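Structural characterization, general
Each chain, written out:
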Amino acid sequence: MYDTENLIKRLLSSETKGDLLTLFHRNPGLIDTMEGIALRIGKRGDAIEAEVRDLADLGMLRISKLGDYEVVSLDVKRDMEIQHAITKYLESKSRGREV
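Note that the structure is predicted; figures quoted are calculated from it, not measured.

Some remarks on the environment of Leu39
Among the structural elements, Leu39 can be located in helix H3 (residues 34-40). Along the backbone, Leu39 and Lys65 are 26 residues apart, and their C-alpha atoms lie at a distance of 20 Å.

Let's talk about helix H4 (residues 45-58)
Because an α-helix completes one turn every 3.6 residues, residues spaced three or four positions apart along the sequence face the same direction. Taking 1.5 Å as the rise per residue, H4 with 14 residues should run 20 Å; its terminal C-alpha atoms sit 20 Å apart, in good agreement. What H4 keeps buried is the set Gly45, Ile48, Glu51, Val52, Asp54, Leu55 and Leu58. Gly59 lies just past H4 and shows a positive phi near 95°.

Considering helix H2 (residues 15-26)
For H2, spanning 12 residues, the distance from its first C-alpha to its last is 16 Å, which sits close to the expected 16 Å at 1.5 Å a residue. Within the sequence span of H2, burial applies to Thr16, Lys17, Leu20, Leu21, Leu23 and Phe24. When H2 is viewed along its axis, its buried side chains cluster within an angular range of 160° and face the same direction. Turned more than 90 degrees away from the buried face of H2, the exposed residues are Glu15 and Arg26.

A short note on the environment of Leu61
Structurally, the position occupied by Leu61 is in strand S2 (residues 61-66). What makes Leu61 buried here is its relative accessible area of 4%. Between the alpha carbons of Leu61 and Gly18 there is a distance of 13 Å; along the sequence they are 43 residues apart. Apart from the residues lying within four places of it in its own chain, the contact partners of Leu61 are Phe24, Val52, Leu55, Ala56, Val72, Ser73, Leu74 and Asp75.

Some remarks on the sheet that holds strand S1 (residues 31-33)
Taking strand neighbours across the sheet as the criterion, the three strands line up as S1-S3-S2 in an open arrangement whose pairing is antiparallel. Looking along the sheet, the strands with just one partner apiece sit at the ends: S1 and S2. Strand after strand, the sheet turns through a mean of 35° between neighbouring axes, direction not considered. Pairing geometry for S1 and strand S3 (residues 69-74), over three bridges, is antiparallel. Considered in S3, the bridge of Thr33 is made with Val71. Across the sheet, H4 lies against S2 and S3, angled at about 105° from S2, the strand it touches most.

Thresholds, definitions, all that
- Residues numbered from 1 in each chain as written.
- Predicted model: local features only at pLDDT ≥ 70, side-chain atom pairs only at ≥ 80, totals over all residues.
- Heavy atoms only, no water.
- Helix = DSSP H or I, 4+ residues; strand = E, 2+ residues; numbered from the N terminus.
- Expected span 1.5 Å × (residues − 1).
- Buried < 20%, exposed > 50% of the residue type's maximum accessible area, 1.4 Å probe, protein only.
- Arc of directions from axis to C-beta.
- Contact = heavy atoms within 4.5 Å.
- Pairing = 2+ DSSP bridges.
- Axes fitted to C-alpha atoms, helices over the stretch in contact; angles between N-to-C directions.

As structure tokens, then:
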């Protein structure tokens, strides 16, 4: 498991990651190829691959085989865990500043 501060830095490290997270949060049931996802966010497939793989390394996205295709989907359970950890982290930071 990653520490929350580094996790947040990785999630916010590029505009493309922000686009990917927005796409999957708005469409949590989406299953598509790299090329299909890239088209949805206005990028080329090879331009998003490293970012998708980093989000998969964090556990937020899943990369799996569907026939001859490699497809990407949101890991809803892991996404919720990460959102909860970030919320707790931000709340603790907020309380720490108020003291």
